[in-house]
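Geometric and topological summary
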Amino acid sequence: MSVKAKKHLGQHFLTDESIAQQIADSLIGSNYSKVLEIGPGMGVLTKYLLEKPYETFVVEIDKESVDYLQAHYLKLNNNIFSLDFLRHDWQTAFKNEQFAIIGNFPYNISTQIVFKTLELRDQIPEFSGMFQKEVAERICSKKGSKVYGILSVLAQAFYDVEYLFTVPPTVFNPPPKVDSGVMRMTRKENYELPCDEKLLFKVVKTAFQQRRKTLRNSLKTLNLSDKLQEDIIFAQRPEQLSVEEFIALTQKIAADGI
């Protein structure tokens, strides 16, 4: 019995055991005792997670995969969530306990998984997984890069990010058309920001919606005062600002009375 990959779910099953082991080993494993794997499919990564000292949970939306996991991984017991990761209340599911996230993420929802993780940052000290290579690179990119954007700034505001290794299409069934990349996010020791976090999200998203324009133009919809816009920072484009500079910009906008 095996599971047929479903295109509408963005499934590409990893077939290389050594890469599965490398991904499982990418979790450092401190400050939590539970791990949630997203989209386990037939459990190629799950089997290595079950050897670890923490308790493994999986979340899988595909009923056929759930049936396969129940039949082949008895150690999972009642630790299979047969539902949509993005729509579930994980604070209640894990009773506000700390847990890590890992997975070979479906490409079509991978950025949404990161945004959901940022929402749950109080509970998620570590996150590791496989993305389309360009998405993993974007999350880990620094200011000045052409791919530096919303996801880069917001992920790096709360987490230290690290691009770990590249995975070729040949180790998947069916093979995707692009390379994949594995990256890790480790929550910063002090991840409380010295600014209004909701406002930071708004400023970053608004700025990068027109990334080729200067901040003076891209942030026009925020109705900032003329005096504030005289600040030299507004002559720059969003990809020229570091995470710290975006935080400083948000502080200035808050002081301006938005």
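Residues numbered from 1 in each chain as written. Predicted model: local features only at pLDDT ≥ 70, side-chain atom pairs only at ≥ 80, totals over all residues. Heavy atoms only, no water.

1. Side note on the overall build of the chain
Rule in force here: Strands here mean DSSP runs of E at least two residues long; helices mean DSSP runs of H or I at least four residues long; both are numbered from the N terminus. Two things to know: the radius of gyration comes from C-alpha atoms, and the globule rule equals 2.2 Å times the number of residues to the power 0.38. Burial here depends on accessible area, computed with a 1.4 Å probe over protein chains only, as a share of the maximum for the residue type. Under 20% is buried, over 50% is exposed, and the range in between is partly exposed.
Along the chain, the regular secondary structure elements total eleven helices and nine strands. Taken against the 2.2 N^0.38 rule, which gives 18 Å for 258 residues, the C-alpha radius of gyration of the chain at 20 Å falls within 12% of a compact globule. Seen through its principal axes, the chain has C-alpha atoms that stretch 65 × 40 × 30 Å. Expressed as a percentage of its 258 residues, the buried residues of the chain come to 51%.

2. Some thoughts on the side chain of Asn 79
The following threshold applies: Here a polar contact is taken to be a pair of N or O atoms separated by no more than 3.5 Å, where protein atoms must pair a possible hydrogen donor with a possible acceptor and residues adjacent in sequence count only if both atoms sit in side chains. The contact definition used throughout considers only heavy atoms, calling two residues in contact when any of these lie within 4.5 Å.
Among the secondary structure elements, Asn 79 is positioned in the loop between helix H3 (63-72) and strand S4 (80-81). Engagement of the side chain of Asn 79 in a polar contact is seen with the side chain of Glu 55, the distance being 3.0 Å. Discounting residues that sit within four places of it in the chain, Asn 79 has contacts with Glu 55, Thr 56, Phe 57 and Val 58.

3. So, the UniProt feature "binding site: S-adenosyl-L-methionine" (unreviewed entry) in the chain
Stated precisely, the cut-off is as follows: UniProt positions are given in the numbering used here, feature names are shortened, and annotations may be inferred rather than shown by experiment.
On the UniProt side, "binding site: S-adenosyl-L-methionine" (unreviewed entry) is annotated at positions that read His 12, Leu 14, Gly 39, Glu 60, Asp 84 and Asn 104 here. You can see Leu 14 is positioned in strand S1 (residues 13-14). For Leu 14, a relative accessible area of 8% puts it in the buried group. Residues in contact with Leu 14, not counting those within four places in the same chain, are Ile 19, Ala 20, Ile 23, Val 44, Asn 104, Met 130, Val 171 and Phe 172. You can call Asn 104 buried: its relative accessible area is 17%. Ignoring sequence-local partners within four residues, the contact set of Asn 104 consists of His 12, Leu 14, Ile 38, Gly 39, Leu 45, Met 130 and Phe 172. One polar contact links the side chain of Asn 104 to the main-chain carbonyl oxygen of His 12, over a distance of 3.1 Å.

4. Quick word on the packing of aromatic side chains
Note the following rule: Two rings belonging to Phe, Tyr or Trp (six-membered ring only in the last case) form a pair when the distance between their centres is within 6.5 Å. Interplanar angles under 30 degrees mark stacking, angles over 60 mark edge-to-face geometry, and anything in between is tilted. For a ring to carry a charge above it, either NZ of a lysine or CZ of an arginine must fall within 6 Å of the ring centroid while also lying within 35 degrees of the normal to the ring plane.
Scanning all chains against the criterion turns up 14 aromatic pairs. For the ring pair Trp 90 and Phe 94, a centre distance of 5.9 Å and an interplane angle of 25° mean the geometry is stacked. Judged by its relative accessible area of 1%, Trp 90 falls in the buried class. For Phe 94, a relative accessible area of 3% corresponds to the buried category. When the centroid spacing of 5.8 Å and the interplanar angle of 35° are considered together, the rings of Phe 208 and Phe 246 count as tilted. Of this pair, Phe 208 sits in helix H8 (residues 197-209) while Phe 246 sits in helix H11 (residues 243-255); the two residues are 38 residues apart in sequence, bridging distant segments of the chain. Comparing Phe 208 with Phe 246 shows no difference in burial state: the two are buried. A network of ring pairs unites the aromatic residues Phe 57, Phe 81, Phe 85, Trp 90, Phe 94 and Phe 99 as a single cluster. A cation sits over an aromatic face here: Arg 121 above Phe 158, 4.1 Å from the ring centre. Positioned above the aromatic ring of Phe 115, the side-chain terminus of Lys 205 is 5.3 Å from the ring centre.

5. As for the UniProt feature "domain: Ribosomal RNA adenine methylase transferase N-terminal" (unreviewed entry) in the chain
The UniProt record marks residues 19-189 with the feature "domain: Ribosomal RNA adenine methylase transferase N-terminal" (unreviewed entry), using the residue numbering of this structure. Counting secondary structure, residues 19-189 comes out at 30% helix and 25% strand; the distance between its end C-alpha atoms is 29 Å.

6. Some thoughts on unusual backbone geometry
In this structure, the amide linkage connecting Asn 173 to the following residue, Pro 174, adopts the cis form with an omega of -10°. Inspection of the secondary structure puts Pro 174 in the loop between strand S8 (172-173) and strand S9 (180-187). Although it is not a glycine, Lys 95 sits at a positive phi angle of roughly 50°. The exposure class assigned to Lys 95 is exposed, which follows from its relative accessible area of 66%.

7. What about the nonpolar core?
Definition in use: We define the nonpolar core as a collection of buried residues of types Ala, Val, Leu, Ile, Met, Phe, Trp, Tyr and Cys that are connected through side-chain atoms lying within 4.5 Å of one another.
Core analysis: the largest hydrophobic core is formed by 56 residues, its most contacted members being Ile 139, Leu 219, Phe 246 and Leu 249. In terms of residue count, H8 provides more of this core than any other element does, seven residues in total. Excluding residues that lie within four positions of it along the chain, Ile 139 makes contacts with Val 114, Phe 131, Leu 151, Ser 152, Ala 155, Gln 156, Val 161, Met 183 and Met 185. Judged by nonpolar contacts, the second largest core, of 21 residues, contains Leu 45, Leu 49, Ala 100 and Phe 172.

8. Let's talk about the sheet that holds S9
The line we're drawing: Following DSSP output, two strands are said to pair if at least two bridges run between them. Each axis is a line fitted through C-alpha atoms, taken for helices only over the stretch in contact, and angles between the N-to-C directions span 0 to 180 degrees.
Across the sheet, which stays open at both edges, the seven strands sit in the order S4-S3-S2-S5-S6-S9-S7 with mixed pairing between neighbours. Here the strands that pair on one side only, and so sit at the sheet edges, are S4 and strand S7 (159-167). In the sheet, strand S2 (residues 34-38) pairs with strand S5 (residues 100-104) via four bridges, with the strands oriented parallel. Note that in S5 the partner of Glu 37 across the bridge is Ile 102. Against the sheet, helix H7 (residues 150-158) makes contact with S7 and S9, and its axis sits at roughly 120° relative to S7, the strand it touches most.

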